[in-house]
Amino acid sequence: MFWVLLLLLAWAAAGTSCVRLCLAAVRAAAVDADAAPGHHLTLYEAAFLSGGPARVADLTLVSMARQRRLLLAHTGWATVVDPRGRDDMERSVIGAIGPEGQSRIAPVRATTAAADSVRRLADRLVAAGLAVPDGARTTVADAVRQVRAASAAVLALGAMAVLMPSQPRTDEVPVAVWFALPLVLTLSCLAIARIEVHPYTRWASPAGQRLLGTLARHTDATADDRTYLTSVAVRGIRAVGEPDLRAAFAHRDRAAGRQR
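The structure displayed is predicted, hence computed values, not measured ones. Sequence positions are assigned chain by chain, starting from 1 and proceeding in written order. At least 70 in pLDDT is required for a residue's local features to be given in this predicted model, at least 80 for side-chain atom pairs to be given and counted, and no such filter applies to totals for whole chains, interfaces and linings, which use all residues. To obtain the side-chain values, all non-hydrogen atoms of the structure were used and water was disregarded.

Lay out the UniProt feature "transmembrane region" (unreviewed entry) in the protein in plain terms, naming residues and giving numbers.
UniProt positions are given in the numbering used here, feature names are shortened, and annotations may be inferred rather than shown by experiment. The residues that UniProt annotates with the feature "transmembrane region" (unreviewed entry) are residues 147–164 and 176–193. Numbered from the N terminus, helices here are DSSP runs of H or I no shorter than four residues, and strands are runs of E no shorter than two. Between the C-alpha atoms that bound residues 147–164 the distance is 26 Å, and the span itself is 94% helix and 0% strand.

Can you tell me about helix H4 (residues 105–113), naming the residues and giving the values?
Because an α-helix completes one turn every 3.6 residues, residues spaced three or four positions apart along the sequence face the same direction. Only protein chains enter the accessibility calculation, which uses a 1.4 Å probe; a residue whose area is less than 20% of its type maximum is buried, one above 50% is exposed, and one in between is partly exposed. For H4, the set of buried residues is Ile 105, Val 108, Thr 112 and Ala 113. Buried residues of H4 fall within an arc of 125 degrees about the axis and therefore sit on the same side. Think of the arc as the fan of directions from the helix axis to the C-beta atoms.

I'd like a description of the sheet that holds strand E2 (residues 77–80), backed by residues and values.
The strand order across the open sheet built from three strands is E1-E2-E3, with neighbouring strands paired in antiparallel fashion. Each of the sheet's edge strands pairs with one partner strand only, and the pair in question is strand E1 (70–72) and strand E3 (102–104). The mean inter-strand angle of the sheet, taken between neighbouring strand axes irrespective of direction, is 20 degrees. The rule for pairing is simple: two strands pair if DSSP sees at least two bridges between them. As paired elements, E1 and E2 share three bridges and run antiparallel to each other. Paired with Leu 70 across the bridge in E2 is Val 80. Where helices are involved, their axes are fitted lines through C-alpha atoms of the stretch in contact, as for all axes, and angles between N-to-C directions lie from 0 to 180°.

Hey, could you go over the packing of aromatic side chains for me, with residue numbers and the actual values?
Between rings of Phe, Tyr and Trp, where Trp is taken as its six-membered ring, a pair exists when centres lie within 6.5 Å; planes separated by under 30 degrees are stacked, by over 60 edge-to-face, and by other angles tilted. Applying the stated criterion across every chain yields a total of one aromatic pair. It is Arg 66 that lies over the ring of Tyr 228; its NZ or CZ is 3.8 Å from the centre. Charge-over-ring placement is defined geometrically: NZ (Lys) or CZ (Arg) within 6 Å of the ring centre, and within 35 degrees of the ring normal.

Describe the nonpolar core, listing the residues and the values that go with them.
If you look at the biggest cluster of nonpolar residues, it comprises 44 residues, and the most contacted ones within it are Phe 48, Leu 49, Val 62 and Leu 72. Listing elements by their share of this core, those giving two or more residues are helix H2 (43–66), E1, helix H3 (88–97), H4, helix H5 (116–127), helix H8 (206–216), helix H9 (225–235) and helix H10 (243–259). Ranked by residue count, the leading element in this core is H2, at twelve residues. The next biggest cluster of nonpolar side chains, apart from the first, holds twelve residues, and it includes Trp 3, Ala 10, Ala 14 and Val 175. Think of a nonpolar core as a cluster: buried Ala, Val, Leu, Ile, Met, Phe, Trp, Tyr and Cys residues, connected wherever their side-chain atoms sit within 4.5 Å.

Give a description of a nonpolar patch on the surface that names residues and reports values.
The patches described consist of residues with a relative accessible area above 30% and no salt bridge, like charges being joined within 9 Å and nonpolar side chains (Val, Leu, Ile, Met, Phe, Trp, Tyr) within 5 Å. Note on areas: these come from Shrake-Rupley sampling with a 1.4 Å probe, and a residue is covered only by the protein chains present in the view. Salt-bridge detection follows one rule: a side-chain nitrogen of Lys or Arg within 4 Å of a carboxyl oxygen of Asp or Glu. On the surface, a nonpolar cluster with roughly 500 Å² of combined accessible area is contributed by Trp 11, Val 173, Val 177, Trp 178, Leu 181 and Leu 185. On the secondary structure map, Leu 185 appears in helix H7 (residues 175–196). Owing to a relative accessible area of 31%, Leu 185 belongs among the partly exposed residues under this scheme.

Structure below.
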């Protein structure tokens, strides 16, 4: 009857993962319920909800470059043209470039993303119920992955039990049927999660995702500067149209890839 021990392990894996997923979904719903009504996203807020601190840094760099207050060369270097930042984000970029007024884009982006101004922005969005708190940022996604892993574990444990030489008599319930029960549990939880809490993102709460969806519908409506920057905030560097700017960020990405 060693297969009974395997069955207990299968139930433990399935039950633990499904409970974690349910708790994560409840926390996500609580964040959505606390969302501040009537909130209008700024460009920086839209960038954070779409791509986190790195997206905020990218948006700031692109915005300053379009205003000719920052030069982003196709070689991957950033040069300060106007040292007077107009807001905390721009001052963070200028401070990250340093007193010499020139630096590579990759470290500027990393330093800006970790700046106090970005952390304060994140705290405001969390308080408004639009961003996912740090502790729960990947909870739902991680819980879904754990349930998938539990499903695979149940299948593996069931296969081991079926292949064991000691099997129940013909008048008893087959071993595979017992393992089918925890497997049905995990698969049911995955199906419910896909309907109820999908899609989930790393940064935006469900309320934040709804506001981002409203912005995304209007990013191609006109060709003005704010619409352009909104598109960069929502879609990232791939929304940049200028060849020189795209080359500057592409050079940054290649340098980051070599460092990894």
